[in-house]
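What follows is each chain in one-letter form.
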Amino acid sequence: MVNSGSSSGKKSLNTVTLTFKLPYYTQWGQSLLIAGSEPALGSWNVKQGLSLSPVHQGNELIWCGRVSVVASFTCQYSYYVVDDNKNVLRREAGEKRRLVLPEGIQDGDVVEIRDWWQDASEALFLRSTFKDVISNGTENSKRELQSASLNRSLDPEDIVVQFIISCPRLGTGFTVIVTGSNPQLGSWRAQDGLKLNYVGDSIWKANCLLRKSEFPVKYKYCKISEAGVSSLEFGPNREVDVDLSSPKPSRYILLSDGALRESPWRGAGVAAPMFSIRSNDDLGVGEFLDLKLLVDWAVDSGFHLVQLLPINDTSVHGMWWDSYPYSSLSVFALHPLYLRVQALSDAIPGDVKEEILQAKQQLDKKDVDYEAALSTKLSIARKIFKLEKDKVLHSSLFKQFLSENEGWLKPYAAFCFLRDFFETSDHSQWGCFSQFSKEKLDKLVSEGTLHHDIICFQYYIQYHLHIQLSEAAAYARKKKVVLKGDLPIGVDRNSVDTWVYPTLFRMNTATGAPPDYFDKNGQNWGFPTYNWEEMSKDNYGWWRARLTQMAKYFTAFRIDHILGFFRIWELPDHAVTGLVGKFRPSIALSQEELLSEGLWDFDRMSHPYIHQKMLEEKFGSFWTVIAAYFLNEYKKEYYEFKEDCNTEKKIIAKLKTSSEKSLWLEKEDSIRRGLFDLIQNIVLIRDPEDSAKFYPRFNLEDTSSFWDLDEHSKNVLRRLYYDYYFARQENLWRQNALKTLPVLLNSSDMLACGEDLGLIPACVHPVMQELGLIGLRIQRMPSEPDLEFGIPSQYSYMTVCAPSCHDCSTLRAWWEEDEGRRSQFYKNVVGSDDEPPSCCTPEVVHFIVEQHFVSPSMWAIFPLQDLLALKDKYTTRPAQEETINDPTNPKHYWRFRVHVTLESLLDDKDIQAKIKDLVTRSGRSFPGKKLECAEESGEKLAKVQLNGKP
């Protein structure tokens, strides 16, 4: 038994013994301990914490520990799973526990603390999504705090049981009682049960004085409305017993019973890119203030959530390429594209107002004209800035904004100035400014320079974007609508962040994804990969700052490509496609390992394997021209690429710039594809940083290089391929994610959802479950390999389900683009042998959408296009035109605009009623739903008269 040391030299202080008990099943080599805020529990040093020992009780494994403390002892603490060296393997989720001992404890008393491991999914309801938005106005924080005290002294046969329950979803006007088998608990009559007191942080407590002879006691928690309606919690009866055979049994039992067992909360939402929204006031593109209209429509349709794509500035190239919202110029700055210029001032001159009206007419097009919309807004904003810059820049609100954001805002403004001055965002071309320093920055942004107004204009734009988005965010919270943002996995290599923090990025690499549903050649996003080792030195401060910034506006966020936090698909910076990459981190195939397996010809396997017969098959009679200009024959009928075209980027450059390009001008695309096939015809990738390490090329059996090997080599490579991609990395990737993801989750109070599509390692879903991360399920991309279509009714609770997303075709387009797939879906999912309609009718849309509404998923979130397809009126536009992104095209123009204004949608009560009917009949929560009826689709099963034993 450990002594706290708190009473050293103070023998007059009463001491008590604390006994901690927690049921938890561990694996071999794991144990539990408690670390807390006081020396008795290690002062948060886990290695100094209180170690627990396992005891079998029936079918349970109970971890127990004892410590002696003073009677006035209070602390915070948490449970940890550790290995034999006390390295943390897992920490329980949620807030730190707070221990306050009951009043009246005497010297020598034993206090038994019975806890349950805090599950991450339970802790979600303590995040701002629920606490500050969905339950806003009804949250527990508005309750009057009360104490849980006894009203008489104890005799030797008395045992004090303190009931403790967390009720984060409890509505205003509700109280919590304990009812059970004992008369003190009302003998299962709710009206006579023990009323609990609210003590803060969603916790309810009450002390109950019981006689030793009355144990064991069965009980349940129950919530009661002001109208007297009782709702008993789900699940089996709880039970408390005491060990009377102990020489000194516990005098006090603190029952920390976790969370009230209620039916799972389920909500719904709508997803739309910010740029796609159309309103009567916008200038050719959606604007932050339009979100207020979208929130109103969401509320009227029964939605608790509005999801956006990334909204950060992407102005890298100064052209429509910047429409790609996942390639950030700055992870902190908001995009000027979403500015409402009419809201910049209350005193806009008449000529500028006229210019705005003309711009509205010119930019009111079917799709977003990215370049025109952005340049027009900035031009108008500069005119208004010149008129009111002194007023704004000297205002207290602006000065406060600048002070709170100068850490990112000043480098951003300086970057924009230098980008425009040098006419490139490639900061390596900026001469003496290519290397960032604080001294250079201070000079660039100092007052008195000729360009200071240009710097201040960037401040001014960001200030107003902040004001406008903050106004929309506050409006959404007031309406009980969650704004969900998007956290891109990468940043542009020519960005403010790579300029200011170059050591955080591996600038000679690119990020992408291996071949998957979206692209058989993989994807190359072009972003540099992260230097996680360097980022860890300040506990991932750059990431923490990103999340803190996002949380100013959002109460939930999507982690783009969450697999990248386990491992990232890393490509050399000279790659164009995403095929010939490797995972980072990963355990490579060593040269020694390959030699031991009988593989030795590393140049043969890691260099492009090009035989003359391949050239003849791929290029026909033109093969001799290809060989002459792109290849060298290093031995008879075997070729290698020339130095000036031995990478994908070099191939493209030579095709474009060669003096002989007229020879292949009309077939340039097919020649490029053929040359790419040749350069990718390898089975091993040699590590550019360590020539004794190799990685199996993805889908190596698709190459002729593989099939021309001997049988022994092929069998060895097959086995090593499977081991590399599906076995040897799992523990490494798990540990990598558990280092980085908790930092993101603990950096803000937002609800986190992870986009976990693609090639999913086995470790991903267990880690997400452990951390309380909500996954994504798209019906046409099932995570189960044996399914053609996902089954929404079988989705797990901790998921977001959706019929489509921005990275694939809409529901209508998907239905219409493949007749065979459509027939399979109609037969196997709809359950009809009839010929399916060639067009995706509102009836088909209703069927698919309803499948998602009634699924067990915590959230059902629908692209706006899929919802509008519920009504014929909104399906006149060709379905393919509603596609947001084509992942197979790295230069896709992100410009889709909804073809109807939000004002018109708000006037269409019919479609709102259709959608809200789907929400209500599915049992999902919606804004304005009375809490007395909350979850009634499930809770009605548990509602009882409570006038007898349940």
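About the criteria used
- Residues numbered from 1 in each chain as written.
- Predicted model: local features only at pLDDT ≥ 70, side-chain atom pairs only at ≥ 80, totals over all residues.
- Heavy atoms only, no water.
- Helix = DSSP H or I, 4+ residues; strand = E, 2+ residues; numbered from the N terminus.
- Rg over C-alpha atoms; globule rule 2.2 N^0.38 Å.
- Buried < 20%, exposed > 50% of the residue type's maximum accessible area, 1.4 Å probe, protein only.
- Contact = heavy atoms within 4.5 Å.
- Lys, Arg positive; Asp, Glu negative; His and termini not counted.
- Charge placed at Lys NZ, Arg CZ, Asp CG, Glu CD.
- Pairing = 2+ DSSP bridges.
- Axes fitted to C-alpha atoms, helices over the stretch in contact; angles between N-to-C directions.
- Salt bridge = Lys/Arg side-chain N within 4 Å of Asp/Glu carboxyl O.
- Phe/Tyr/Trp six-rings, centres within 6.5 Å; stacked < 30°, edge-to-face > 60°.
- pLDDT = per-residue confidence, 0-100.
- Core = buried A, V, L, I, M, F, W, Y, C linked by side-chain atoms within 4.5 Å.
- Parallel < 35°, antiparallel > 145°, perpendicular 65-115°, else oblique.
- Nonpolar A, V, L, I, M, F, W, Y, C, P; charged D, E, K, R; others polar.
- Expected span 1.5 Å × (residues − 1).
- Arc of directions from axis to C-beta.
- Left-handed = near helix turned anticlockwise from the far one by under 90°.

A. Inspection of the overall build of the chain at higher detail. Assigned secondary structure in the chain consists of 28 helices and 39 strands. Radius of gyration (C-alpha) of the chain: 32 Å, near the 30 Å computed for a compact globule of 950 residues. Expressed along its principal axes, the backbone C-alpha trace of the chain runs to roughly 105 × 80 × 75 Å. Classification of the 950 residues of the chain by burial places 57% in the buried group. Sequence separation of at least 24 residues holds for 73% of the intrachain contacts in the chain that already meet a minimum separation of 6. Averaging the coordinates of the 111 positive side-chain charges in the chain and doing the same for the 127 negative ones gives two points 4 Å apart.

B. View of the sheet that holds strand E27 (residues 556-559). The sheet built from eight strands is open, its strands ordered E36-E27-E22-E21-E20-E39-E38-E37 with parallel pairing. Both edges of this open sheet fall to strand E36 (751-754) and strand E37 (775-778), since each of them pairs with a single strand only. With strand direction ignored, the average angle separating the axes of adjacent strands in the sheet is 25 degrees. Bridging between strand E20 (residues 267-271) and strand E21 (residues 305-307) involves three bridges; their strand directions are parallel.

C. Representation of the pattern of salt bridges within the structure. Per the counting criterion, the structure on display carries 59 salt bridges. Here Arg584 and Glu570 are joined by a salt bridge, their closest N and O atoms 3.9 Å apart. Of this pair, Arg584 sits in strand E29 (residues 582-584) while Glu570 is found in strand E28 (residues 568-572), placing the two residues 14 residues apart along the sequence. For Glu570, a relative accessible area of 4% puts it in the buried group. Within the structure, one salt-bridge network assembled from shared partners comprises Arg506, Glu533, Glu570, Lys582, Arg584 and Glu689.

D. Quick peek at the packing of aromatic side chains. One pass over the structure, following the stated rule, counts 65 aromatic pairs. Ring geometry for Trp815 versus Phe825: centroids 6.0 Å apart, planes at 85 degrees, classification edge-to-face. Taken together, the residues span a long stretch of sequence, with Trp815 in helix H22 (residues 811-817) and Phe825 in helix H23 (residues 819-830) at a distance of 10 residues. In this structure Trp815 comes out as buried when scored by relative accessible area, which is 1%. Geometrically, the ring pair formed by Phe853 and Phe862 is tilted, given 4.5 Å between the ring centres and 35 degrees between the ring planes. Assigned by exposure class, Phe853 and Phe862 land together as buried. Feature note: the residues Trp569, Phe583, Tyr695, Phe698, Tyr721, Tyr722, Tyr724, Tyr725, Phe726 and Trp733 constitute an aromatic cluster, connected by ring pairs.

E. Geometry of the confidence of the model for the chain. In this model, the chain carries an average pLDDT of 92, and 95% of its residues clear a pLDDT of 70 or more. Residue range residues 5-11 is modelled with pLDDT below 50. Its contacts to residues more than four positions away, or to other chains, number four contacts. Low pLDDT, under 50, characterises residues 931-950; the predicted model gives this stretch 45 contacts beyond four residues in sequence or across chains.

F. Quick look at unusual backbone geometry. With an omega of 0 degrees, the peptide bond running from Phe215 to Pro216 counts as cis. Looking at where Pro216 falls in the secondary structure, it is placed in the loop between strand E15 (203-211) and strand E16 (217-224). At the junction of Arg584 and Pro585, the peptide bond is cis and its omega measures out at -5 degrees in the coordinates. Within the secondary structure, Pro585 is located in the loop between E29 and strand E30 (589-590). One non-glycine residue, Ser187, lies in the positive phi region at around 50 degrees. Residue position: Ser187 is located in the loop between strand E12 (175-180) and strand E13 (194-195). Phi angles above zero are rare outside glycine, and Glu423 is one such case at about 60 degrees. Structurally, the position occupied by Glu423 is in the loop between helix H6 (396-422) and helix H7 (438-445). The exposure class assigned to Glu423 is exposed, which follows from its relative accessible area of 74%.

G. Quick peek at the pairing of strand E38 (residues 799-802). Residues Thr799 and Cys801 of E38 are buried on one face, and the alternating residues Val800 and Ala802, pointing to the opposite face, are buried as well. Across four bridges, E37 lies against E38 in parallel orientation. The partner of Arg777 across the bridge, within E38, is Cys801. Sheet topology note: the E38/strand E39 (residues 859-863) ladder contains two bridges and is parallel. Its bridge partner being in E39, Val800 is matched across the sheet by Trp859.

H. Representation of the nonpolar core within the structure. Trp297, Phe303, Trp542 and Trp543 are the most contacted members of the largest nonpolar core, which totals 186 residues. For Trp297, the contacting residues outside a window of four places in its chain are Val270, Phe303, Leu864, Leu867, Leu905, Leu906, Gln912 and Ile915. Judged by nonpolar contacts, the second largest core, of 32 residues, contains Leu50, Val67, Val69 and Phe73.

I. Region of the structure containing the packing of helix H5 (residues 370-393) against helix H8 (residues 452-478). At a minimum axis separation of 10 Å, H5 and H8 run at an interaxial angle of 95 degrees. Here H5 is positioned roughly perpendicular relative to H8, judged by the angle of their axes. Packed against H5, whose contacting residues are Leu378, Ala381, Arg382, Ile384, Phe385, Glu388, Lys389, Val392 and Leu393, the element H8 presents Asp453, Cys456, Phe457, Tyr460, Ile461, Tyr463 and His464 at the interface. In terms of residue class, the contact of H5 with H8 is made up of 11 nonpolar, one polar and four charged.

J. Spotlight on helix H19 (residues 711-726). Taking 1.5 Å per residue, 16 residues should reach 22 Å; H19 reaches 22 Å between its end C-alpha atoms and fits that length. For H19, the set of buried residues is Ser713, Lys714, Val716, Leu717, Leu720, Tyr721, Tyr724 and Tyr725. Here the buried residues of H19 occupy an arc of 160 degrees about the axis, which is enough to place them on one side.

K. Spatial organisation of the packing of helix H20 (residues 730-746) against helix H21 (residues 764-771). With their axes 11 Å apart at the nearest point, H20 and H21 run at an angle of 30 degrees to one another. You can see that H20 and H21 cross each other, and the crossing is right-handed. For the pair H20 and H21, the contacting residues are Arg734, Ala737, Leu738, Leu741, Pro742 and Leu745 in the first and Val767, Glu770 and Leu771 in the second.

L. Inspection of helix H16 (residues 648-657) at higher detail. Along H16, the residues classified as buried are Glu648, Ile651, Lys654 and Leu655. End-on, the buried residues of H16 take up no more than an arc of 125 degrees, which puts them together on one face. Buried residues in H16 make contact with helix H15 (623-630), strand E33 (638-641) and helix H17 (668-679).

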